[in-house]
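Here is how the chains run, residue by residue.
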Amino acid sequence: MRLKDKVAIITGSASGIGKSAALVFAREGAKVVVCDVNEENIEKTVADIKALGAEAMGIVIDVSKAPQVEKMVQKVHEHFGRIDILVNNAGITRDALLIKLSEENWDKVIEVNLKGVFLCTQAVAKKMVTQGKGKIINTSSVVGVYGNIGQTNYAAAKAGIIGMTKTWAKELGRKNVCVNAVTPGFIQTEMTAGLPEKVLTMMKDKTPLGRLGVPEDVANLYLFLASDESDYVNGQVIGVDGGMVI
């Protein structure tokens, strides 16, 4: 097992890519902390993990709230004694063209998608530095690299994640804590389910592999970056987009 007995916190892991990662990690021996705002889905995911014979803990949390993040990290550390992996996967969208984008929807996306990553990483990094090892995986997006119409707030947050990833890789690498970013393309999740069929078809046509991604495509990269196999991978931004951006 590639993650045997490692403790992994995965934010936004009650559904979509995060849930897929939680299950993949559990199958590889990790003790998984399922963090999300949706309590009902947390309970379902924890039950699915336990059905695999793995250990899981569920925590309801808004990652944009510092006191909640600090309490979560402390609870996990007290229970398991260590934190080996952090996957900053939680994210939301509030799409609108620039001239129609409200300040409220700008703030909400930045708070969850950017500030939340900062808060979780800051709290967990302190534990990892003391341990002398850790893996931090940040979920950015191809939108953060190339932009996208109607997603000023989302693109800004995801581009910011790339900048933070490179900075933290330099700061924490000397402490044997690796920090990397993943940039998914169009993945079939609840977040993309509401898109018009013509948009999905256009995305498929733009992708050399001829299909949209599935959550497991991203989760499998998370697994590599979380494992000891990636111990010399640091500060990288790795795409999972089927070649869409080449």
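Residues numbered from 1 in each chain as written. Predicted model: local features only at pLDDT ≥ 70, side-chain atom pairs only at ≥ 80, totals over all residues. Heavy atoms only, no water.

A. Main features of the packing of helix α4 (residues 103-131) against helix α6 (residues 152-173). At a minimum axis separation of 8 Å, α4 and α6 run at an interaxial angle of 15°. For the element pair α4 / α6, the angle class is roughly parallel. In terms of crossing hand, the pair formed by α4 and α6 is right-handed. Together, N105, W106, V109, I110, N113, L114, V117, F118, T121, A125 and V129 of α4 and T152, N153, Y154, A156, A157, K158, G160, I161, M164, W168 and L172 of α6 make up the contact between the two elements. When the residues that make up the contact of α4 with α6 are grouped by side-chain class, the tally is 15 nonpolar, 6 polar and 1 charged. (Axes fitted to C-alpha atoms, helices over the stretch in contact; angles between N-to-C directions. Helix = DSSP H or I, 4+ residues; strand = E, 2+ residues; numbered from the N terminus. Parallel < 35°, antiparallel > 145°, perpendicular 65-115°, else oblique. Left-handed = near helix turned anticlockwise from the far one by under 90°. Contact = heavy atoms within 4.5 Å. Nonpolar A, V, L, I, M, F, W, Y, C, P; charged D, E, K, R; others polar.)

B. Just the sheet that holds strand β5 (residues 134-139), in detail. Pairing within the open sheet is parallel, and its 7 strands lie in the order β3-β2-β1-β4-β5-β6-β7. Two strands in the sheet have a free side with no partner beyond their single neighbour: β3 (56-60) and β7 (237-240). Shown here is a sheet whose adjacent strand axes are inclined to one another by a mean of 20°, direction ignored. The sheet contact formed by strand β1 (residues 7-11) and strand β2 (residues 31-36) spans 5 bridges and is parallel. Among the inter-strand pairings, I9 is bridged to a residue of β2, identified as V33. Along the sheet, helix α1 (residues 16-27) makes contact with β1, β2 and β4 (85-88), crossing β1 at roughly 170°. Running at roughly 160° to strand β6 (residues 177-184), α6 makes contact with β5, β6 and β7 of the sheet. (Pairing = 2+ DSSP bridges.)

C. Spotlight on the pairing of β2. β2 sits mainly inside the fold: 5 of its 6 residues count as buried. For the crossover that starts at β1, traverses α1 and ends in the parallel β2, the hand is right-handed. Taken together, the 5 bridges between β2 and β3 define a ladder with parallel strand orientation. Note on β3: the bridge partner recorded for V34 is G58. Regarding the hand of the β-α-β motif, the stretch spanning β2, helix α2 (residues 39-51) and β3 is right-handed. (Buried < 20%, exposed > 50% of the residue type's maximum accessible area, 1.4 Å probe, protein only. Right-handed = clockwise from strand over helix to strand, strands pointing away.)

D. Here's a closer look at α6. The end-to-end C-alpha distance of α6 is 31 Å, a good match for the 32 Å that 22 residues give at a rise of 1.5 Å each. For α6, the set of buried residues is N153, Y154, A155, A157, K158, I161, I162, M164, T165, W168, A169 and L172. In this structure, the buried side of α6 is in contact with α4, β5, α5 (142-146), β6 and β7. (Expected span 1.5 Å × (residues − 1).)

E. Inspection of unusual backbone geometry at higher detail. If you check the backbone angles, D5 has positive phi at about 65° while not being a glycine. For D5, a relative accessible area of 45% corresponds to the partly exposed category. Unlike most non-glycine residues, N176 shows phi in positive territory, near 70°. In this structure, N176 sits in the loop between α6 and β6.

F. Broad picture of the pattern of salt bridges. Overall, the coordinates contain 9 salt bridges when judged by the stated rule. The salt bridge involving R2 is made with E229; its shortest N-O contact spans 2.8 Å. Placement of R2 in the segment before β1 and of E229 in the loop between α8 (215-226) and β7 is noted, with a sequence separation of 227 residues between them. Judged by relative accessible area, which is 33%, R2 ranks as partly exposed. The structure contains a network of salt bridges with shared partners spanning K6, K133, K135, D228 and D231. (Salt bridge = Lys/Arg side-chain N within 4 Å of Asp/Glu carboxyl O.)

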